[in-house]
Amino acid sequence: VSLSAAMAGMAALVALLAVLEVIVQVDTASGKQNGGLDEYDRKCEEIVAHSRQAGQFFNSGRQAEAHKKLEDAEASFRAAKKLQPKEPQAYISIATTMLNAQHFDDSVRYWNEAAPLMPKGRAREWAAGRATWAKYGKVSTKRDTVYANGQGNLTEALKLMEQQLQIFPDFPSLHHDKATALVMISALQEDVTADALGEFGQAQETSLRAWRAGLRATGASKCCESCGGVVVDWPGHLAGGRGGGLAAVDWVVDPADGQRYGCSAAGCEDEGFLDGRAFVARFEGSVGGPGIAIAGGDGLILDEAGCWLFLPSSGRWAQGARNLQMLELWTGPPSPHDTDPPFTFHDHNRGQFPNGGRVAKVRSEGKVASIVQFAAVSFFHFATEVLGRLLVLQRRGVLEDPEVKLLLPKVAGIGSKASGKGGKKQKGFAAEALELLAGDIIAADRAIWLRTDGPPDVRLRAKTLFYADWRLPAEPGADGSHCATPRSVLRLVRSELMGEPSIADGAEDSRGALVFLSRAGQTMRGALKDEAKLERGLQEIARSSRPPLEFVRFGQESRTLREQVALFRRARSAVGVHGGAFTNLLFSGAGTPVFELGFQSPFAGHYRHLAAAMDLRSVPLPLMADARGMGAREVELAGGGVDAALARVREALLGGSVGRDGARREEL
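So, a few notes on the structure that sits alongside this text. Computed from a predicted structure; not experimentally measured.

## Digging into the environment of G555
Within the fold, G555 resides in the loop between β15 (550–554) and α17 (561–569). A residue is classified by how much of its surface remains accessible, and G555, at 16% relative accessible area, is buried. Considering only alpha carbons, one finds G555 and A520, 35 residues apart in sequence, at a separation of 7.4 Å.

Encoded structure:
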């Protein structure tokens, strides 16, 4: 809830009063003999006029005049109340005014006073719902202030999220927000892992109920109120004979043949990660039905006929409101009229898309293979998961069928005129990788590009849908489990990219490199305390190595796929703050020491798992955890700071300490 957004033009107030004018006309028509209603109507109109002027003054920065107009609105209300004390319109107008002005306590009071004056039933329920919404607004503004765009006190923000959930316990986005906040503070409070997973589960279940209610309300499905469900274990669902459009699971290798990795020297019996291998799932739409649906920017898989929601390995983190059309079951009726629907569809994007994001005409296809998922265009997720799904589909021969079209996330550089320095065309990693690995599909016009920032509704339906997925290498909540791809698939990505002639051939720099991964300037973890000191120390270590290593600062500058692969192939070590650049370790040699300045949270183990899968040597350098959580902009090394971190790097690369004179000093 933002004051500027709420008061801008008083748009919400005008929308509500457009409905309420009907009540005024009806009441006026039935009470003309009483007299005074014409003057009462004028006073109600004055409330609206003063409110609009207050919004205009506020947007112009004239806050004193804005508050004066709110006082004028209340004066008009008192005059109207004196004329017709039993008419609800003046109460409704002033209550809405105060709600939009974020005078929440006043709004609640006026709504509560309006309710008994309205007809019993829907009208009173509506007024009570508006009072509840005002209470929610008060808590929300406090939460936003405390949260401070992720740079405030997340522990205090969580307390306010609890209050929000007490008001609207079935609001899916609140459960998702709480889960995300718990993830962010998990390095500070180690006992929140189970709670975070539980809240993500609640977010999915409440999203399912609201989506299912929407299907039933529009007649898109006739499934019962308790039919369907959220499916995360696809092979188990199929084995249980529960249907829901899932017709087959084709394992790349028998799951019983999975191997463990990332274990200690003692052995792998019960520790490390389990490569559960990958499979290709085939979905079939019901005969005569609309087909299997792909929804939202995360490409959620839906069987609308049976009200089933299928989440792949990364899907438990997807937000329902960003992908699904949902009825607002958590709020009161949107209108005081009995003839109107009891619930409205949730507009998650607040007017960004027409008609609340509902797609009027959905594209239909016969056979489709999808590689779209949660955070598909984020570098880590794209390189490890999206490309992994593509290669598994290729290995199983799915794309050899010329009738199968490939659904891909829309990435920059494909089909665009993007150019680099000096006007030279330059594609990013994602565009280059897709052209290398799926160029034949793209050239044959078999590619369908899905906007990951588009409307929350079904974007495509297919009679047959193929999707490559896998069992997570670790149980959700265990270190390294977050959106983890099995070693067998990661190594497939590595071998395919590094084996491409355009990547592997040609002259290469044979020098070893010490790569410093800098996040300077980025929103999260973009300001490391004493980063310059750390960088100077790493440069010294690179010079002191035998033979000397080239020091390379890897930041936000643009590099081609070939350049990235070549750099990390010759990396003898990588040091940096937790972030997507560590994904390039896919291309580093076995045994390479990796120093990650990160958080000791199971939700931040992305690159610890990646290091284990690639047989790299992971050396954690913990960052200090505080109430801002893992998304803090400014971060600082714990346990001795930069000096201690440099000592660990020096020990690993040089086998001892090096003094300012460059002489090596062995440490016992």
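## Some words on unusual backbone geometry
Peptide bonds are, in most cases, trans, and in most cases residues other than glycine have a negative phi. Each neighbour pair has its own omega, and for R546 with P547 the value is -5°, a cis peptide bond. By the element assignment, P547 lies in the loop between α16 (531–544) and β15. Of note in the backbone geometry, A148 takes a positive phi value of approximately 50° without being a glycine. Examined against the element boundaries, A148 turns out to sit in the loop between α7 (122–147) and α8 (154–167). Under the relative-accessibility criterion, A148 is labelled partly exposed at 32%.

## Topic: the packing of helix α3 (residues 37–59) against helix α4 (residues 63–83)
Following both chains from N to C, one finds α3 and α4 inclined at 170°, their axes separated by 8 Å at the closest point. In terms of orientation, α3 and α4 fall into the roughly antiparallel class. Together, E39, Y40, K43, E46, I47, H50, S51, Q53, A54, F57 and F58 of α3 and Q63, E65, A66, K69, L70, D72, A73, S76, F77, A79, A80 and L83 of α4 make up the contact between the two elements. Across the contact of α3 with α4, the residue classes break down as 12 nonpolar, five polar and six charged.

## A word on the sheet that holds strand β17 (residues 593–598)
Within the open sheet, the five strands sit side by side as β15-β13-β16-β17-β18. Their pairing is parallel. Of all the strands in the sheet, the pair left with one neighbour each is β15 and β18 (617–622). Put simply, the sheet's adjacent strands are angled 15° from each other on average, direction ignored. Sheet analysis places strand β16 (residues 571–577) next to β17, joined by four bridges and oriented parallel. Among the inter-strand pairings, V575 is bridged to a residue of β17, identified as F595. This element, α16, spans β13 (513–517), β15, β16 and β17 of the sheet and lies at about 170° to β13.

## Describing the state of the cysteines
Counted under the stated rule, the structure contains two disulfides. There is a disulfide in this structure between C223 and C307, and the S-S distance comes to 1.9 Å. With the S-S bond torsion at -65°, the cross-link from C223 to C307 turns out left-handed. Of the two residues, C223 is situated in the loop between α10 (193–218) and β1 (229–231) and C307 in the loop between β7 (300–303) and β8 (308–310); the sequence distance between them amounts to 84 residues. Per residue, the accessibility class of C223 equals that of C307, and both read buried. The residue that forms a disulfide with C224 is C227, at a sulfur-sulfur distance of 2.0 Å.

## Observations regarding the packing of aromatic side chains
Overall, the coordinates contain 22 aromatic pairs when judged by the stated rule. Considering the side-chain rings of F171 and W330, the 4.7 Å spacing of their centres and the 10° angle between planes classify their relative orientation as stacked. You can see F171 sitting in the loop between α8 and α9 (172–184) and its partner W330 sitting in the loop between β8 and β9 (363–370), a full 159 residues away along the chain. One exposure class covers both F171 and W330, and it is buried. Ring geometry for F516 and F551: centres 6.4 Å apart, planes at 25°, overall stacked. Of the two residues, F516 is situated in strand β13 and F551 in strand β15; the sequence distance between them amounts to 35 residues. Ring-pair connections join several aromatic residues into one group, and the members of that group are W234, W251, F279, F283, F310 and Y467. Of note, K410 hangs over the ring of W449, and the distance from its end group to the ring centre comes to 5.5 Å.

Calculation notes
- As a convention, each chain's residues are numbered from 1 in the sequence order in which they are written.
- In keeping with the predicted nature of the model, local features appear solely for residues at pLDDT of at least 70, side-chain atom pairs appear and are counted solely at 80 or more, and the whole-chain, interface and lining totals rest on all residues.
- By convention in this description, side-chain values take in all heavy atoms of the structure and omit both hydrogens and water.
- Put simply, DSSP H or I for four residues or longer makes a helix, DSSP E for two residues or longer makes a strand, and each gets a number counted from the N terminus.
- Each residue is placed in one exposure class: buried if its accessible area under a 1.4 Å probe, protein chains only, is under 20% of its type's maximum, exposed if it is over 50%, and partly exposed if it falls in between.
- Here an angle of 0 to 180 degrees is reported between the N-to-C directions of two axes, which are lines fitted to C-alpha atoms, with helices fitted over the stretch in contact.
- In what follows, roughly perpendicular refers to angles from 65 to 115 degrees, roughly parallel to angles under 35, roughly antiparallel to angles over 145, and oblique to any angle outside these ranges.
- Here a residue-residue contact requires only that any non-hydrogen atoms of the pair lie within 4.5 Å.
- Here the term charged refers only to Asp, Glu, Lys and Arg, the term nonpolar to Ala, Val, Leu, Ile, Met, Phe, Trp, Tyr, Cys and Pro, and the term polar to all other amino acids, Gly among them.
- Any two strands are treated as partners once DSSP identifies two or more bridges connecting them.
- The criterion for a disulfide is a pair of cysteine sulfur atoms lying within 2.5 Å.
- Only Phe, Tyr and Trp rings are paired, with Trp represented by its six-membered ring, and only when their centres lie within 6.5 Å; those with planes under 30 degrees apart are stacked, over 60 edge-to-face, the remainder tilted.
- Here, over-ring charges are defined by two tests on the NZ atom of lysine or the CZ atom of arginine: distance to the ring centre within 6 Å, and angle to the ring normal within 35 degrees.

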